[in-house]
Amino acid sequence: MPSDADKGVSPNDECGCDYEELGYSWVQGESDVTVTIPVPKGTKGKFVEVVFGVSKLKAGLKGKPAVVEGDLYSSVKQEDCLWSIVDGDKLVLSLEKANIKHEEWWDCVVKGHPTIDMKKLKPPPKQLQTLDDGAQATIEKMMYDQQQKQMGKPTSDEQKVQEAMEKFKEQFPGQPLPDLSNVKFSGGQ
(Lines give C-alpha, C1' and ligand atoms only; values in the text may rest on other atoms or scores of the structure.)
Protein backbone atom coordinates (compact mmCIF):
# COMPACT_ATOMS: atom_id res chain seq x y z
CA MET A 1 0.00 0.00 0.00
CA PRO A 2 1.51 3.39 -0.98
CA SER A 3 2.42 5.75 1.82
CA ASP A 4 1.54 9.45 1.95
CA ALA A 5 5.16 10.19 1.01
CA ASP A 6 4.57 8.50 -2.37
CA LYS A 7 1.87 11.06 -3.22
CA GLY A 8 4.26 14.02 -3.19
CA VAL A 9 4.99 16.94 -0.93
CA SER A 10 2.45 19.62 -0.07
CA PRO A 11 2.52 22.53 -2.54
CA ASN A 12 3.17 26.06 -1.35
CA ASP A 13 0.47 28.75 -1.60
CA GLU A 14 1.55 29.60 -5.15
CA CYS A 15 1.17 26.09 -6.62
CA GLY A 16 4.85 25.22 -6.39
CA CYS A 17 7.25 24.00 -3.72
CA ASP A 18 10.13 25.12 -1.52
CA TYR A 19 13.00 22.64 -1.90
CA GLU A 20 15.36 23.80 0.84
CA GLU A 21 17.41 20.58 0.55
CA LEU A 22 17.89 21.17 -3.21
CA GLY A 23 18.58 24.88 -2.86
CA TYR A 24 15.64 26.39 -4.75
CA SER A 25 11.94 27.10 -4.67
CA TRP A 26 9.37 27.48 -7.41
CA VAL A 27 5.88 28.75 -8.05
CA GLN A 28 3.59 28.55 -11.07
CA GLY A 29 0.63 30.13 -12.75
CA GLU A 30 -1.42 28.89 -15.69
CA SER A 31 1.19 29.99 -18.22
CA ASP A 32 4.46 30.33 -16.33
CA VAL A 33 6.85 28.83 -13.80
CA THR A 34 9.19 30.94 -11.66
CA VAL A 35 12.22 29.34 -10.04
CA THR A 36 14.12 31.18 -7.28
CA ILE A 37 17.64 30.18 -6.32
CA PRO A 38 19.32 31.91 -3.35
CA VAL A 39 22.81 33.17 -4.27
CA PRO A 40 25.47 34.99 -2.19
CA LYS A 41 24.68 38.68 -1.54
CA GLY A 42 26.15 40.90 -4.22
CA THR A 43 26.11 38.23 -6.94
CA LYS A 44 26.29 39.76 -10.42
CA GLY A 45 25.00 38.28 -13.66
CA LYS A 46 28.50 37.42 -14.84
CA PHE A 47 28.79 34.95 -11.93
CA VAL A 48 25.78 32.82 -12.92
CA GLU A 49 25.19 30.26 -15.61
CA VAL A 50 21.68 29.77 -16.99
CA VAL A 51 20.83 27.64 -20.01
CA PHE A 52 17.22 27.39 -21.15
CA GLY A 53 16.22 24.67 -23.57
CA VAL A 54 12.79 23.76 -24.86
CA SER A 55 12.75 20.78 -22.51
CA LYS A 56 15.92 21.23 -20.41
CA LEU A 57 17.17 23.67 -17.80
CA LYS A 58 20.52 24.34 -16.15
CA ALA A 59 21.02 27.12 -13.60
CA GLY A 60 23.46 27.98 -10.84
CA LEU A 61 26.74 29.73 -10.13
CA LYS A 62 29.57 29.45 -12.67
CA GLY A 63 32.24 26.96 -11.65
CA LYS A 64 29.94 25.16 -9.19
CA PRO A 65 27.50 22.29 -9.69
CA ALA A 66 24.18 23.54 -11.08
CA VAL A 67 21.41 23.96 -8.51
CA VAL A 68 18.73 23.04 -11.03
CA GLU A 69 19.63 20.84 -13.99
CA GLY A 70 17.77 18.31 -16.07
CA ASP A 71 14.71 17.58 -18.15
CA LEU A 72 11.81 19.90 -17.50
CA TYR A 73 8.42 18.53 -16.45
CA SER A 74 7.03 19.88 -19.73
CA SER A 75 8.28 22.01 -22.59
CA VAL A 76 8.68 25.78 -22.43
CA LYS A 77 8.83 28.62 -24.94
CA GLN A 78 12.61 28.92 -24.88
CA GLU A 79 12.64 32.36 -26.54
CA ASP A 80 10.32 33.75 -23.81
CA CYS A 81 12.33 32.46 -20.83
CA LEU A 82 14.29 35.02 -18.84
CA TRP A 83 16.50 35.21 -15.78
CA SER A 84 17.58 38.03 -13.48
CA ILE A 85 19.36 38.72 -10.21
CA VAL A 86 16.86 40.16 -7.70
CA ASP A 87 17.95 42.10 -4.60
CA GLY A 88 21.50 40.91 -5.22
CA ASP A 89 20.83 37.57 -3.50
CA LYS A 90 18.33 35.67 -5.67
CA LEU A 91 18.65 34.22 -9.14
CA VAL A 92 15.10 34.26 -10.55
CA LEU A 93 14.22 32.22 -13.62
CA SER A 94 11.00 32.89 -15.51
CA LEU A 95 9.85 30.05 -17.75
CA GLU A 96 6.88 30.33 -20.12
CA LYS A 97 4.92 27.09 -20.45
CA ALA A 98 4.54 25.96 -24.05
CA ASN A 99 1.28 24.09 -23.48
CA ILE A 100 -0.96 26.92 -22.26
CA LYS A 101 -3.97 26.10 -24.45
CA HIS A 102 -4.53 23.02 -22.30
CA GLU A 103 -4.26 24.20 -18.73
CA GLU A 104 -1.35 22.24 -17.33
CA TRP A 105 -0.13 22.35 -13.76
CA TRP A 106 3.36 20.97 -13.19
CA ASP A 107 4.11 18.66 -10.28
CA CYS A 108 7.84 19.49 -10.41
CA VAL A 109 10.20 21.69 -12.40
CA VAL A 110 12.83 19.08 -13.23
CA LYS A 111 12.00 15.41 -13.67
CA GLY A 112 13.45 13.33 -10.86
CA HIS A 113 13.06 16.07 -8.25
CA PRO A 114 10.41 15.64 -5.57
CA THR A 115 6.87 16.13 -6.87
CA ILE A 116 4.05 18.01 -5.26
CA ASP A 117 0.81 16.30 -4.28
CA MET A 118 -1.46 17.44 -7.12
CA LYS A 119 -4.56 16.58 -5.06
CA LYS A 120 -3.58 19.36 -2.65
CA LEU A 121 -2.92 21.91 -5.40
CA LYS A 122 -5.22 24.94 -5.18
CA PRO A 123 -4.87 26.96 -8.38
CA PRO A 124 -6.26 30.47 -8.22
CA PRO A 125 -9.76 30.85 -9.65
CA LYS A 126 -9.95 31.95 -13.25
CA GLN A 127 -11.33 35.38 -13.97
CA LEU A 128 -14.34 35.21 -16.28
CA GLN A 129 -12.81 37.74 -18.68
CA THR A 130 -9.77 35.50 -19.27
CA LEU A 131 -11.95 32.74 -20.77
CA ASP A 132 -12.83 32.54 -24.46
CA ASP A 133 -16.17 33.99 -25.60
CA GLY A 134 -17.90 30.60 -25.78
CA ALA A 135 -16.87 29.64 -22.26
CA GLN A 136 -17.90 33.07 -20.95
CA ALA A 137 -21.34 32.76 -22.58
CA THR A 138 -21.84 29.26 -21.14
CA ILE A 139 -20.90 30.36 -17.63
CA GLU A 140 -23.06 33.48 -17.82
CA LYS A 141 -26.04 31.35 -18.97
CA MET A 142 -25.45 28.88 -16.12
CA MET A 143 -25.26 31.72 -13.59
CA TYR A 144 -28.44 33.31 -14.98
CA ASP A 145 -30.30 29.97 -14.90
CA GLN A 146 -29.18 29.29 -11.33
CA GLN A 147 -30.35 32.74 -10.24
CA GLN A 148 -33.70 32.23 -12.01
CA LYS A 149 -34.21 28.86 -10.28
CA GLN A 150 -33.42 30.38 -6.88
CA MET A 151 -36.12 32.99 -7.48
CA GLY A 152 -38.60 30.38 -8.69
CA LYS A 153 -38.57 31.79 -12.22
CA PRO A 154 -38.10 29.95 -15.52
CA THR A 155 -34.59 29.24 -16.80
CA SER A 156 -33.47 30.51 -20.21
CA ASP A 157 -34.43 27.19 -21.85
CA GLU A 158 -37.84 27.23 -20.15
CA GLN A 159 -38.34 30.80 -21.35
CA LYS A 160 -37.58 29.66 -24.92
CA VAL A 161 -40.22 26.93 -24.62
CA GLN A 162 -42.74 29.49 -23.32
CA GLU A 163 -41.93 31.84 -26.22
CA ALA A 164 -42.34 29.01 -28.74
CA MET A 165 -45.73 28.14 -27.23
CA GLU A 166 -46.85 31.78 -27.45
CA LYS A 167 -45.79 31.96 -31.12
CA PHE A 168 -47.66 28.73 -31.84
CA LYS A 169 -50.82 30.12 -30.21
CA GLU A 170 -50.55 33.28 -32.33
CA GLN A 171 -49.98 31.38 -35.59
CA PHE A 172 -52.47 28.58 -34.95
CA PRO A 173 -55.29 29.92 -32.77
CA GLY A 174 -57.59 27.23 -31.40
CA GLN A 175 -55.20 24.37 -32.19
CA PRO A 176 -54.07 22.06 -29.37
CA LEU A 177 -50.59 22.92 -28.12
CA PRO A 178 -47.78 20.52 -29.00
CA ASP A 179 -45.84 18.84 -26.19
CA LEU A 180 -42.49 20.67 -26.04
CA SER A 181 -41.45 19.29 -22.65
CA ASN A 182 -38.67 17.17 -24.20
CA VAL A 183 -37.34 19.88 -26.52
CA LYS A 184 -33.70 20.80 -25.90
CA PHE A 185 -32.49 24.21 -27.03
CA SER A 186 -28.86 24.78 -27.97
CA GLY A 187 -26.75 27.53 -29.42
CA GLY A 188 -26.87 31.24 -28.76
CA GLN A 189 -29.56 33.41 -27.29
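Up top is the structure.
Residues numbered from 1 in each chain as written. Predicted model: local features only at pLDDT ≥ 70, side-chain atom pairs only at ≥ 80, totals over all residues. Heavy atoms only, no water.

Brief notes about the sheet that holds strand β8 (residues 90-96)
The strand order across the open sheet formed by five strands is β1-β2-β3-β8-β7, and the pairing between neighbours is antiparallel. Two strands lie at the open edges of the sheet, namely β1 (17-19) and β7 (82-86), each paired on one side alone. Strand-to-strand twist across the sheet, computed as the mean angle between neighbouring axes with direction ignored, equals 15 degrees. Pairing of β1 with strand β2 (residues 24-28), which is carried by three bridges, proceeds in the antiparallel orientation. Along β2, the bridge assignment pairs Cys 17 with Trp 26. (Pairing = 2+ DSSP bridges. Helix = DSSP H or I, 4+ residues; strand = E, 2+ residues; numbered from the N terminus. Axes fitted to C-alpha atoms, helices over the stretch in contact; angles between N-to-C directions.)

Structural notes on unusual backbone geometry
The phi dihedral of Cys 15 is positive, around 65 degrees, even though this residue is not glycine. Note that Cys 15 resides in the segment before β1. The class of Cys 15 is buried, set by a relative accessible area of 3%. In the Ramachandran plot, Asp 87 falls in the positive-phi region, its phi being about 55 degrees despite a non-glycine side chain. Within the secondary structure layout, Asp 87 lies in the loop between β7 and β8. (Buried < 20%, exposed > 50% of the residue type's maximum accessible area, 1.4 Å probe, protein only.)

Observations concerning the sheet that holds strand β4 (residues 48-52)
Taken in spatial order, the three strands line up as β4-β5-β6 in an open sheet, and their pairing is antiparallel. With one partner strand each, in any of the chains shown, β4 and β6 (68-71) form the two edges of the open sheet. Neighbour-to-neighbour, the strand axes of this sheet turn through a mean angle of 10 degrees, independent of strand direction. Where β4 meets strand β5 (residues 56-61), five bridges bridge the pair, whose relative direction is antiparallel. Each residue of the ladder has a partner; that of Val 48, found in β5, is Leu 61.

Considerations on the pairing of β5
Adjacent in sequence and paired antiparallel, β4 and β5 are bridged by three residues. Pairing analysis gives four bridges linking β5 to β6, with the strands arranged antiparallel. Each bridged residue has a counterpart across the sheet, and for Ala 59 the counterpart in β6 is Val 68. Connecting the antiparallel pair β5 and β6 is a turn made up of six residues, with Gly 63 showing a positive phi of about 80 degrees.

Description of the pairing of β8
Relative to β8, strand β3 (residues 32-38) runs antiparallel, the two being bridged by seven bridges. Its bridge partner being in β8, Thr 34 is matched across the sheet by Ser 94. Between β7 and β8, which pair antiparallel and follow one another directly, the connecting turn spans three residues, one of which, Asp 87, has a positive phi of 55 degrees.

Some thoughts on the packing of helix α1 (residues 133-150) against helix α2 (residues 156-171)
The axes of two packed helices give the description: the angle between them and the distance between them. Following both chains from N to C, one finds α1 and α2 inclined at 80 degrees, their axes separated by 9 Å at the closest point. Put simply, α1 runs roughly perpendicular to α2. Residue-level inspection shows Lys 141, Tyr 144, Asp 145 and Gln 148 of α1 in contact with α2, the latter providing Ser 156, Asp 157 and Gln 159. (Parallel < 35°, antiparallel > 145°, perpendicular 65-115°, else oblique. Contact = heavy atoms within 4.5 Å.)

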